[in-house]
Protein chains: 2
Amino acid sequence: MDHAIALTPFLLAFACALLGAKLFGEAAERFGQPSVLGELLAGVLLGPSVLGLVPLSAGILLVAEIGVILALFEVGLDTEVAKLLQVGGPALAVALGGMILPFASGYLVTRALGHDTLASIFVGAALTATSIGITARVLSELHSLDTREGRIILGAAVVDDVLGLVILAVVGQIAETGSVELSSVARSMALAVGFLAVAIALGIPVSRSLIGFVGRANVRGVLVAVSVAFALLLAVAAHAAGSAEIVGGFAAGLVLARTNRRHDIDEALRPIVDVFAPVFFVSVGAQVDVALLNPLPQANRTALLLALGLTIVGFLGKFAAGFLAWGPARRAFIGAGMVPRGEVGLIFASLGRATGALDQRVFVAVVVAVFATTFLAPPLLKSLKPKAG
Amino acid sequence: MDHAIALTPFLLAFACALLGAKLFGEAAERFGQPSVLGELLAGVLLGPSVLGLVPLSAGILLVAEIGVILALFEVGLDTEVAKLLQVGGPALAVALGGMILPFASGYLVTRALGHDTLASIFVGAALTATSIGITARVLSELHSLDTREGRIILGAAVVDDVLGLVILAVVGQIAETGSVELSSVARSMALAVGFLAVAIALGIPVSRSLIGFVGRANVRGVLVAVSVAFALLLAVAAHAAGSAEIVGGFAAGLVLARTNRRHDIDEALRPIVDVFAPVFFVSVGAQVDVALLNPLPQANRTALLLALGLTIVGFLGKFAAGFLAWGPARRAFIGAGMVPRGEVGLIFASLGRATGALDQRVFVAVVVAVFATTFLAPPLLKSLKPKAG
């Protein structure tokens, strides 16, 4: 049952998030950094652990979700399916390598520091998922979406996001029952992987009829309203298939990119994304609890040591996976593009804590490592950007 | 305390609201009616009392609020303060007449049908407030915002909205204590009336600095994000001063209309309003419970009789008030523009039921009358539109 949301505190937090995002985004850019880094830092400062101006309230999280779904919708609109499929092989290799390497090394580091098998599995799994939201935003800022490197990263991040949730289901099952039923894993994998193909195959004729209706309509704003509704419906369908909602938003963009109104939709979507997506990046930053970074308490020190180890292997695992790509491409850039973790990593950590698989210290270490990779990636990508891009 | 909102049901409802609004809006236009009438009807059909596809959930109501605040922001952007002040006299006369006439006649009708004094005061008060959201939308569709009639209606609706909440405070006090403290009424009236003047006086220099910052910034989307944040902050300030949030959105538009970026803001705001405002109009329609319109149960019949009486006097009171305007203007159009009730009328009715001042039958009658005037106004305005507008 939903509870009514107090309107004015929400509006105030929304306004603070927007102003903070733009102020810090601008400052980041003046320091030669991608503005998304500034938006993340604005979130840390405005979030509950420092100023408390942007709480992680139901309203803010809802607007953040709308923002990230529409941001991925916009990325999809700027992506050509055919070109994405051309790099399918290298993208798959990067995605799989980028899941296996961090999983294995995260597991080993955690075991080596004396934690049990279940905790180590959770930690390894939490390091597998690249944050498609952060990665796509940085690529867009660097004008690298429409390059071979950009497409490999994007394709790999989508595969990652889809498989990440399958792994989440597997790990959840292990935590609950101590074992895994392979048939259910295969089923949820087939469902998640099949979703994109089916969504695109069915979406193309459906979107043609929608655009046809739009073309005959006279009322104001029908193109943008119907396009957004289409993206929201594919987000719901993606969730029903076991993927993340943002994968549905991305698929909707891929589909509508193949219509003759692509440019008009893109233009109308832009200001909407400008207003709603910053709330997502600020909300990610706001989830950082700066008190955990204080090295004085003994408990924090052991957690920070584990966090440091996880950040290093989490970074190296994804970075190395970039070198699995073949063909002409700057492989270090691809690896860097896979580094940021995000939402899914945090979901793993929360699930691990809720089921008791992770104690408080390990939970903190995973959260710190997830954020460290997220904040590391934008400056790294900027410095590694291929000149030709 | 906010509770997390289930994401996928919300996204589904949002998508249904958008598609329904555009489909029915288009149909309304083909029948020669303003499309907002179609959006309201889509709400009735999709709402909880018929199909249940758009529930009045916390998420939908939040998005609806964002939508109506930004819609009024857009209306403010298209309004010149100087021209609005030129019609200040007639607007004030129309507003005051349009509050006194429906209050008195609503009170008398309710008394005449045998209800007590307190109930009759509540009913009269519920008929005083014009829905600025509905009215502004119809004027915009008819391209009548920038006419003398349009400005008188808009000015009167703003006065109405401000005074309506003062009356709400008074009536609430009567229901609670049985009497009214005049000093507190005077204070809240001064606060509410003063808000617009202060907001505009202070807003103009503040908005100049904001626009200055925006002009020096390089990051994407800073103009639209900062403008929306400004509107949200004025909405919060309006609420703090005892007015409705939408009055703050309108004031923000008036202020930013005086900057040299007015046109750019207007353009960027348009698709945002196109996506969020329909959710507001659909949510208004979704509040209609069609079961109450069934004349077969005896209880409904007496309620519908009272509703009919209230609709007639509610209509005539506002319509007659239009003729209090002076100068060259089509007075019948002005009167029709004041007819739609909305949010505030429903708030009166809910408060009356909650305090026990209104029994279920009278509550239903007020709600039906509020909606009847809302659905009546768009076609009436369209048919009365002055040729020169």
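Thresholds, definitions, all that
- Here the residue numbering is sequential within each chain, running from 1 through the sequence in written order.
- A letter from A marks each chain and a number from 1 marks each ligand, given out in the order of writing.
- At least 70 in pLDDT is required for a residue's local features to be given in this predicted model, at least 80 for side-chain atom pairs to be given and counted, and no such filter applies to totals for whole chains, interfaces and linings, which use all residues.
- Values shown for side chains rest on all heavy atoms present in the structure; no hydrogens or waters enter the calculation.
- The way it works is that DSSP assigns letters per residue, a run of H or I at least four long becomes a helix, a run of E at least two long becomes a strand, and they are numbered from the N terminus.
- What the globule rule says is 2.2 Å times the number of residues to the power 0.38, and the radius of gyration is computed from C-alpha atoms.
- Partly exposed describes any residue whose relative accessible area lies between the buried limit of under 20% and the exposed limit of over 50%, with all areas from a 1.4 Å probe on protein chains only and scaled to the type maximum.
- Whether two residues are in contact is decided by their heavy atoms: any pair within 4.5 Å suffices.
- Note that accessible areas follow from Shrake-Rupley with a 1.4 Å probe, and for residues the cover is restricted to the protein chains shown.
- Residues scored as charged are limited to Lys and Arg (positive) and Asp and Glu (negative), so that His and the chain ends carry no count.
- Positions of charges follow a simple convention, taking NZ of Lys, CZ of Arg, CG of Asp or CD of Glu.
- Of the two site types, the cavity is a set of points on a 1 Å grid over the protein atoms alone where a 1.4 Å probe fits but cannot get out, and the pocket is an open set with protein on both sides within 12 Å along at least five of seven lines, each lined by residues with an atom within 4 Å of a point.
- Grid points are joined across faces, edges and corners, and a volume is the space filled by probe spheres set on the points.
- Each residue is assigned to one class: nonpolar for Ala, Val, Leu, Ile, Met, Phe, Trp, Tyr, Cys and Pro, charged for Asp, Glu, Lys and Arg, and polar for all the others, Gly among them.
- The superposition of copies rests on a least-squares fit of C-alpha positions from residues with pLDDT of 70 or more in both.
- Using a 1.4 Å probe, buried area is obtained as the accessible area two parts lose upon being combined, added over both of them.
- In what follows, salt bridge is the name for a side-chain nitrogen of Lys or Arg lying within 4 Å of a carboxyl oxygen of Asp or Glu.
- Within 3.5 Å is the distance limit for a polar contact, defined as a pair of N or O atoms, with the added protein rule that one can donate a hydrogen and the other accept it, and that residues adjacent in sequence qualify only through two side-chain atoms.
- Stacked, edge-to-face and tilted labels apply to pairs of Phe, Tyr and Trp rings (six-membered ring for Trp) whose centres lie within 6.5 Å, assigned for plane angles under 30 degrees, over 60, and everything in between, in that order.
- Lysine and arginine charges are scored as sitting over a ring when NZ or CZ, respectively, is within 6 Å of the ring centre and within 35 degrees of the ring normal.
- What is meant by a nonpolar core is a set of buried Ala, Val, Leu, Ile, Met, Phe, Trp, Tyr and Cys residues, joined one to another through side-chain atoms within 4.5 Å.
- pLDDT is defined as a per-residue confidence score from the predictor, taking values between 0 and 100.
- For helices, the axis comes from a line fit to the C-alpha atoms of the stretch in contact; other axes are also lines fit to C-alpha atoms, and the angle between any two N-to-C directions lies between 0 and 180 degrees.
- Each angle receives one of four descriptions, namely roughly parallel if under 35 degrees, roughly antiparallel if over 145, roughly perpendicular if within 65 to 115, and oblique otherwise.
- Handedness of a crossing is defined here by the sense of rotation of the near helix relative to the far one, left-handed for an anticlockwise turn of less than a right angle and right-handed for a clockwise turn.
- Expected span of a helix: the number of residues minus one, times 1.5 Å.

## Description of the overall build of chain A
A count of helices and strands for chain A gives 16 helices and zero strands. Over its C-alpha atoms chain A spans a radius of gyration of 20 Å, differing by no more than 12% from the 21 Å that the globule rule assigns to 389 residues. Each principal axis of the C-alpha distribution contributes one length, and for chain A these read about 65 × 50 × 45 Å. Within the span of chain A, comprising 389 residues, buried residues form 60% of the whole. In chain A, of all internal contacts separated by at least 6 residues, the share reaching a separation of at least 24 is 79%. Total accessible area on chain A is roughly 14300 Å²; 66% of this is exposed by carbon and sulfur atoms. Distance from the positive charge centre (25 side chains) to the negative charge centre (24 side chains) of chain A: 6 Å.

## Comments concerning empty space enclosed by the protein
Residues and elements named next belong to chain B. Under the definition given, this model contains one cavity of 30 Å³ or more. Computed from the structure, the largest cavity encloses a volume of approximately 30 Å³. Leu-210, Ile-211, Val-214, Leu-223, Val-226, Ser-227, Phe-230 and Leu-256 together form the lining of the largest cavity. The greatest single-element share of the lining of the largest cavity, amounting to four residues, is contributed by helix 10 (residues 222-240). In terms of residue class, the lining of the largest cavity is made up of seven nonpolar, one polar and no charged.

## Comments concerning the relation of the copies chain A and chain B
Relating the two copies of this chain is a rotation about some axis coupled with a shift parallel to it. Rotating chain A by 180 degrees about the axis while translating it 0.0 Å along that axis superimposes it on chain B, leaving an RMSD of 0.0 Å. Such a combination of turn and shift is consistent with a two-fold rotation axis. Residue A:Ile272 of chain A places its C-alpha closer to the rotation axis than any other residue of that unit, at 2.7 Å. A share of 100% of interface residues in chain A that are also interface residues in chain B marks the association as one of identical surfaces.

## Quick word on the interface of chain A and chain B
Between chain A and chain B, the contact holds 57 residues from the first and 57 residues from the second. Together, the buried faces of chain A and chain B total about 5200 Å²; carbon and sulfur atoms form 75% of this surface. Among the residues of chain A in contact with chain B, A:Lys22, A:Leu62 and A:Arg220 are the three that bury the most area, contributing 14% of the side total. Applying the counting rule to chain A against chain B returns four salt bridges. B:Glu74 is the salt-bridge partner of A:Arg220, the closest N and O atoms lying 3.1 Å from each other. The tally of links between chain A and chain B comes to 14 residue pairs in polar contact (both at pLDDT 80 or more). Looking at the side of chain A that touches chain B, the elements with two or more residues in it are helix 1 (7-30), helix 3 (58-77), helix 9 (182-216), helix 10 (222-240) and helix 12 (262-286) of chain A. Take the side of chain A that touches chain B: its biggest share by element is 15 residues, from helix 1 of chain A. The residue makeup of the side of chain A that touches chain B, split by class, is 36 nonpolar, nine polar and 12 charged.

## Focus: the packing of aromatic side chains
Scanning the model with the defined rule gives 11 aromatic pairs over all chains in all. Relative to A:Phe323, the ring of A:Phe319 has its centre 5.8 Å away and its plane inclined at 65 degrees; by these criteria the two rings are edge-to-face. A:Phe323 gets classed as partly exposed once you look at its relative accessible area, which sits at 46%. A network of ring pairs unites the aromatic residues A:Phe10, A:Phe14, A:Phe276, B:Phe10, B:Phe14 and B:Phe276 as a single cluster. For the cation-ring pair, A:Arg137 lies above A:Phe281, with the distance from its terminal atom to the ring centre recorded as 5.1 Å.

## Observations regarding the nonpolar core
The biggest cluster of nonpolar side chains holds 298 residues, and the ones touching the most others in it are A:Phe10, A:Phe14, B:Phe10 and B:Phe14. Those residues in contact with B:Phe14 that lie beyond four places of it in its chain are A:Ile66, A:Leu232, B:Ile60, B:Val63, B:Val275, B:Phe276 and B:Val279.

## Details of the environment of B:Gly248
All names here are of chain B. When you line up the elements, Gly-248 lands in helix 11 (residues 245-256). Counting along the chain gives 15 residues from Gly-248 to Leu-233, while the straight-line C-alpha distance between them is 8.0 Å. Residues in contact with Gly-248, not counting those within four places in the same chain, are Phe-195, Leu-234, Ala-235 and Ala-238.

## Describing the confidence of the model for chain A
A low pLDDT score tells you not to read the predicted coordinates there in detail. Averaged over every residue, the pLDDT of chain A is 89; the share at 70 or more is 99%. The ipTM value of the predicted complex is 0.88, and its pTM value is 0.89.

## Re the pattern of salt bridges
Residue and element names in this part refer to chain A. Applying the stated rule across the entire model yields 22 salt bridges over all chains. Across the pair Glu-141 and Arg-137 runs a salt bridge, and its minimum N-O distance is 3.2 Å. Separated by four residues within a single helix, Glu-141 and Arg-137 lie in helix 7 (residues 132-141), roughly one turn from each other. Residue classification places Arg-137 among the buried positions, given a relative accessible area of 18%. Salt bridges here are not isolated pairs; linked through shared partners, they connect Lys-22, Glu-39, Arg-137 and Glu-141.

## Some words on the packing of helix 3 of chain A against helix 1 (residues 7-30) of chain B
Packing of helix 3 of chain A against helix 1 of chain B brings their axes to within 12 Å, and their N-to-C directions diverge by 65 degrees. By the angle class used here, helix 3 of chain A and helix 1 of chain B are roughly perpendicular. The two elements helix 3 of chain A and helix 1 of chain B cross, and the hand of that crossing is right-handed. In this structure, helix 3 of chain A uses A:Leu62, A:Glu65, A:Ile66 and A:Ile69 to contact helix 1 of chain B, whose residues at the interface are B:Leu7, B:Phe10, B:Leu11 and B:Phe14. Of the residues that constitute the contact of helix 3 of chain A with helix 1 of chain B, the class distribution is seven nonpolar, no polar and one charged.

## Description of the environment of B:Lys83
Residues and elements named next belong to chain B. Here Lys-83 shows up in helix 4 (residues 81-86). Overall, the relative accessible area of 28% leaves Lys-83 in the partly exposed class. Through-space distance from the C-alpha of Lys-83 to that of Arg-151 is 7.6 Å; in sequence the pair is 68 residues apart. When residues no more than four places from it in sequence are discounted, the contact partners of Lys-83 are Asp-146 and Arg-151.

## Points about the packing of helix 3 of chain A against helix 10 of chain A
Residue and element names in this part refer to chain A. Interaxial distance between helix 3 and helix 10 falls to 10 Å at its minimum, and their mutual angle equals 105 degrees. In terms of orientation, helix 3 lies roughly perpendicular with respect to helix 10. Contacts from Ile-69, Leu-70 and Phe-73 of helix 3 reach helix 10 at Ser-227, Val-228, Ala-231 and Ala-235. Of the residues in the contact of helix 3 with helix 10, the class split is six nonpolar, one polar and no charged.

## Some words on the side chain of B:Glu245
Along the chain, B:Glu245 turns up in helix 11. Here B:Glu245 sits buried without a salt bridge, and the closest side chain of opposite charge, B:Arg187, lies 17 Å off (N-O distance). Ignoring sequence-local partners within four residues, the contact set of B:Glu245 consists of A:Leu7, A:Thr8, A:Leu11, B:Ile69, B:Ala235 and B:His239.

## Quick look at helix 11 of chain B
All names here are of chain B. Relative to the 16 Å expected for 12 residues at 1.5 Å per residue, helix 11 spans 17 Å between its end C-alpha atoms, a close match to the ideal helical length. Summarising burial for helix 11: 12 of the 12 residues are buried, a large majority. Looking at helix 11, one finds that the buried residues are Glu-245, Ile-246, Val-247, Gly-248, Gly-249, Phe-250, Ala-251, Ala-252, Gly-253, Leu-254, Val-255 and Leu-256.

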